Amino acid sequence: SDIFAEKGGNAFRSFKRLGLHQTFTIEDVIVSTGGGTPVFFDNMEIMNERGLCILFTLFRFLYYQDSLKYFQRFYLILSIFLFVFQFLIALV
């Protein structure tokens, strides 16, 4: 990012924090953050206070496996997750 290159990491993280806080005024919204956003400041605490937080992870071996077997397993896991996610959203 240009902000990171020009002003440094702290300014970049402050900018992301400001953007995160601006989403708290919006109702019925899904916010997707990068993995670093919850780590800095009190972002994770505030995110947990304001809504439902879900962590997506992808096992490292899935990045490097070319075989159809692993792709099919990943697709099945993703399909199940999306089904559960839609169910959770319907409850909110």
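Reading guide: rules and limits
- Residues numbered from 1 in each chain as written.
- Predicted model: local features only at pLDDT ≥ 70, side-chain atom pairs only at ≥ 80, totals over all residues.
- Heavy atoms only, no water.
- Salt bridge = Lys/Arg side-chain N within 4 Å of Asp/Glu carboxyl O.
- Helix = DSSP H or I, 4+ residues; strand = E, 2+ residues; numbered from the N terminus.
- Buried < 20%, exposed > 50% of the residue type's maximum accessible area, 1.4 Å probe, protein only.
- 1 Å grid on protein atoms, 1.4 Å probe; cavity = no way out; pocket = protein on both sides within 12 Å on 5 of 7 lines; lining within 4 Å.
- Points joined across faces, edges and corners; volume = space filled by probe spheres on them.
- Nonpolar A, V, L, I, M, F, W, Y, C, P; charged D, E, K, R; others polar.

Trainee: I keep staring at the pattern of salt bridges and nothing clicks. Help me out?
Mentor: Side chains that differ in sign of charge can pair as their charged atoms come close. All chains considered together, the criterion is met by 1 salt bridge. Arg17 is the salt-bridge partner of Asp42, the closest N and O atoms lying 2.8 Å from each other. Here Asp42 is found in the loop between helix H2 (9–23) and helix H3 (43–50), whereas its partner Arg17 is found in helix H2, with 25 residues between them in sequence.

Trainee: How do you make sense of the environment of Ser32 when you look at a structure like this?
Mentor: As for its placement among the helices and strands, Ser32 is situated in the loop between H2 and H3. Using a relative accessible area of 71% as the deciding quantity, one classes Ser32 as exposed. As a C-alpha pair, Ser32 and Leu55 span 23 residues in sequence and 10.0 Å in three-dimensional space.

Trainee: For this particular structure, what's the right way to read the layout of surface pockets?
Mentor: If you roll a probe as big as a water molecule over the atoms, it shows you where there is empty space left. Its volume calculated, the largest pocket comes out at about 930 Å³. Along its surface, the largest pocket is lined by 26 residues, and Val29, Ile30, Val31, Leu52 and Cys53 are the ones closest to its centre. The set of elements that each furnish at least two residues to the lining of the largest pocket consists of H2, H3 and helix H5 (68–91). Here the lining of the largest pocket is composed, by residue class, of 17 nonpolar, 6 polar and 3 charged.

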